[in-house]
Amino acid sequence: MSTRDPRYEDELGFIIRETLQTETEFEEPPAYTWNEIQSRLTEKSSTARKFRVFWLTPALQAALLLVLIFLQGVTPYSYSTQPTPVTSQIETTISQIEMSTTPPAATRQNDDLDMQLLKEQREVVSHSEQPVRSVNTQPLPTANVYVRQERPQQNAPTHTESSRTPVILKQNLDLNR
Amino acid sequence: MPEGKEAELVARAKDGDMVAFEALYEMHKGSLFRTVIAITSNGQAAEEILQEAFLRAFKRIDEIREGAPLAPWLYRVAINLAYDWTRRRQRWHTALDNLMNRLQIMTPPSPEQTIEQRELYELVYEAIERLDFKHRTTLVLFYMHAFSLEEVAEIMECPVGTVKSRLHYARKKLRRELLADQRLPRGIAYEYT
């Protein structure tokens, strides 16, 4: 030790020294041996290492999860907004099928005849039906009534008999004349 | 402590002698612990810093020069650790923690001490605690362990002039704090400052 500088050895220095020594004189370090300290520190460092690994794994897991969420979010978006050649081809095929299944005019007339037959059959069936046994006084809902409308025949002449009559009468008038 | 004996123990520890290292630990642990507790005002922190400082000493014992005293090197490690601890603590420091630490540090008064002296020590200790880390550490090393200015400079890794400057400002600030403290009797305040 070198000699002390007298500038710092005054009353204030004395009280600082006394205070520091008095306030810490009863403080004793824990009674660990060096081997105990070594084992404690080794345990502490291994715990810290485990914590680092534990901390790293969820971080990686979270990163992977974020990547998955990102990919899941992007894929349907791209399909829905940008039609691929496959989807346009499917749409073309569906429209072609719709066009081919549209009935022509002759088929529609046959359908009308079928409906007429079906109605006649229903009328026959309704006449032969027994009355429904029910306590309900409300009238039962009636079946749909198909109103038959006279349609001109397919091969009927475009002119009527009445249109000819004036011509005959005219001829007769001429004969009488 | 006999320097020759310490140098011999350091040399043996460098050769891997665990008994020699344990002897060095027993030789320095008390004073180092009290120094750290005076700087940090926290018993638990002082315990951890003490253990960490000796673990570093154990790992880096080869760096100690032949015949050089172990204490400055050991104190430098401990003070660096205490500095790190103080910086971390500043972020979480609360008034309640301060009070609890103060209660832990307080020791029962001995019958020989008068109440006045006891109060004076407590007030001075509180004022030292309020100094910033560098000024507080300089005071502790210089007054508590009677390290020379050169040794303090070596421990704190700064020039001797910086140590003198820190001592000057630490004492000035301490004097101002004690004079401003209304709890200190006027007579005692002027007597010591």
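Values in this document were obtained by computation on a predicted structure and should not be read as measured data. (Residues numbered from 1 in each chain as written. Chains lettered and ligands numbered in written order. Predicted model: local features only at pLDDT ≥ 70, side-chain atom pairs only at ≥ 80, totals over all residues. Heavy atoms only, no water.)

**With respect to the environment of Met144(B)**
With respect to the helices and strands, the residue Met144(B) is situated in helix α7 (residues 133-144). Remark: the alpha-carbon pair of Met144(B) and Ala38(B), spanning 106 residues in sequence, is separated by 9.0 Å. Setting aside its immediate chain neighbours within four residues, Met144(B) contacts Leu20(A), Gln21(A), Thr24(A), Arg34(B), Thr35(B), Ala38(B) and Leu139(B). (Helix = DSSP H or I, 4+ residues; strand = E, 2+ residues; numbered from the N terminus. Contact = heavy atoms within 4.5 Å.)

**Some words on the pattern of salt bridges**
Scanning all chains against the criterion turns up ten salt bridges over all chains. A salt bridge links Glu26(B) to Lys29(B); the nearest nitrogen and oxygen atoms lie 3.3 Å apart. Taken as a pair, Glu26(B) and Lys29(B) lie in helix α2 (residues 18-40) at a separation of three residues, close to a single helical turn. Its relative accessible area of 41% is what places Glu26(B) among the partly exposed residues. As a salt-bridge pair, Glu52(B) and Arg56(B) come within 3.4 Å of each other at their nearest N and O atoms. With Glu52(B) and Arg56(B) both in helix α3 (residues 43-59) and four residues apart, the pair spans about one turn of that helix. Judged by its relative accessible area of 25%, Glu52(B) falls in the partly exposed class. Overlapping salt bridges, with partners in common, bring together Asp10(A), Arg171(B) and Arg175(B) in one network. (Salt bridge = Lys/Arg side-chain N within 4 Å of Asp/Glu carboxyl O. Buried < 20%, exposed > 50% of the residue type's maximum accessible area, 1.4 Å probe, protein only.)

**Here's the deal with unusual backbone geometry**
Residues and elements named next belong to chain B. Positive phi, normally seen in glycine, also occurs at serine 41, with a value near 60°. In this structure, serine 41 sits in the loop between α2 and α3. According to the relative accessible area criterion, serine 41 is buried, its value standing at 8%.

**Focus: α7(B)**
All names here are of chain B. The end-to-end C-alpha distance of α7, which contains twelve residues, comes to 15 Å, matching closely the 16 Å that a straight helix rising 1.5 Å per residue would cover. Most of α7 sits out of view: eleven of its twelve residues are buried. When α7 is considered as a whole, its buried residues turn out to be Phe133, His135, Arg136, Thr137, Thr138, Leu139, Val140, Leu141, Phe142, Tyr143 and Met144. (Expected span 1.5 Å × (residues − 1).)

**Some words on the environment of Thr40(B)**
Secondary-structure assignment places Thr40(B) in helix α2. Once residues lying within four places of it in the same chain are set aside, the contact partners of Thr40(B) are Ala45(B), Ala46(B), Ile49(B), Ala82(B) and Trp85(B).

**Focus: the interface of chain A and chain B**
The partner chain B presents 51 residues to the 36 residues of chain A that form the contact. The junction of chain A with chain B conceals about 4,000 Å² of combined surface from both sides, 63% of it contributed by carbon and sulfur atoms. It is Tyr8(A), Glu23(A) and Trp34(A) that lose the most area in chain A upon contact with chain B, and together they represent 20% of the buried surface on that side. Counting the contacts that link chain A with chain B gives three salt bridges. With a shortest N-O distance of 2.4 Å, Asp10(A) and Arg171(B) are connected by a salt bridge. In this assembly, chain A and chain B are joined by six residue pairs in polar contact (both at pLDDT 80 or more). Among the elements that line the side of chain A that touches chain B, the one with the most residues is helix α1 (residues 11-24) of chain A, at 14 residues. Of the residues in the side of chain A that touches chain B, the class split is 14 nonpolar, nine polar and 13 charged. (Buried area = accessible area lost by both parts, 1.4 Å probe. Polar contact = N/O pair within 3.5 Å; in protein donor to acceptor, adjacent residues only side chain to side chain. Nonpolar A, V, L, I, M, F, W, Y, C, P; charged D, E, K, R; others polar.)

**Quick notes on the confidence of the model for chain B**
Per-residue confidence for chain B averages 81 on the pLDDT scale, and 80% of its residues sit at or above 70. The complex model carries a pTM of 0.54, and its ipTM stands at 0.72. (pLDDT = per-residue confidence, 0-100.)

**Brief notes about α1(A)**
Residues and elements named next belong to chain A. Here α1 is 14 residues long and its end C-alpha atoms lie 20 Å apart, about the 20 Å a rise of 1.5 Å per residue gives. Burial analysis of α1 places ten of its 14 residues in the buried class, the great majority of the element. Taken together, the buried positions of α1 are Leu12, Gly13, Ile15, Ile16, Arg17, Thr19, Leu20, Thr22, Glu23 and Thr24.

**Concerning the packing of helix α6 (residues 115-129) of chain B against helix α9 (residues 160-180) of chain B**
All names here are of chain B. For the pair α6 and α9, the least separation of the axes is 10 Å and the interaxial angle reads 130°. With respect to their mutual orientation, α6 and α9 come out oblique. At the point where α6 passes α9, the crossing takes the right-handed sense. Residues Leu123, Val124, Ala127 and Ile128 of α6 form the contact with α9, whose participating residues are Leu174, Glu177 and Leu178. (Axes fitted to C-alpha atoms, helices over the stretch in contact; angles between N-to-C directions. Parallel < 35°, antiparallel > 145°, perpendicular 65-115°, else oblique. Left-handed = near helix turned anticlockwise from the far one by under 90°.)

**Thoughts on a nonpolar patch on the surface**
A contiguous nonpolar patch, built from Leu65(A), Leu66(A) and Ile69(A) and spanning about 320 Å² of accessible area, is present on the exposed surface. Within the fold, Ile69(A) resides in helix α2 (residues 34-81). (Patch = residues over 30% accessible without salt bridge, like charges linked within 9 Å, V, L, I, M, F, W, Y side chains within 5 Å. Areas by Shrake-Rupley, 256 points an atom, 1.4 Å probe, with all protein chains shown as cover.)

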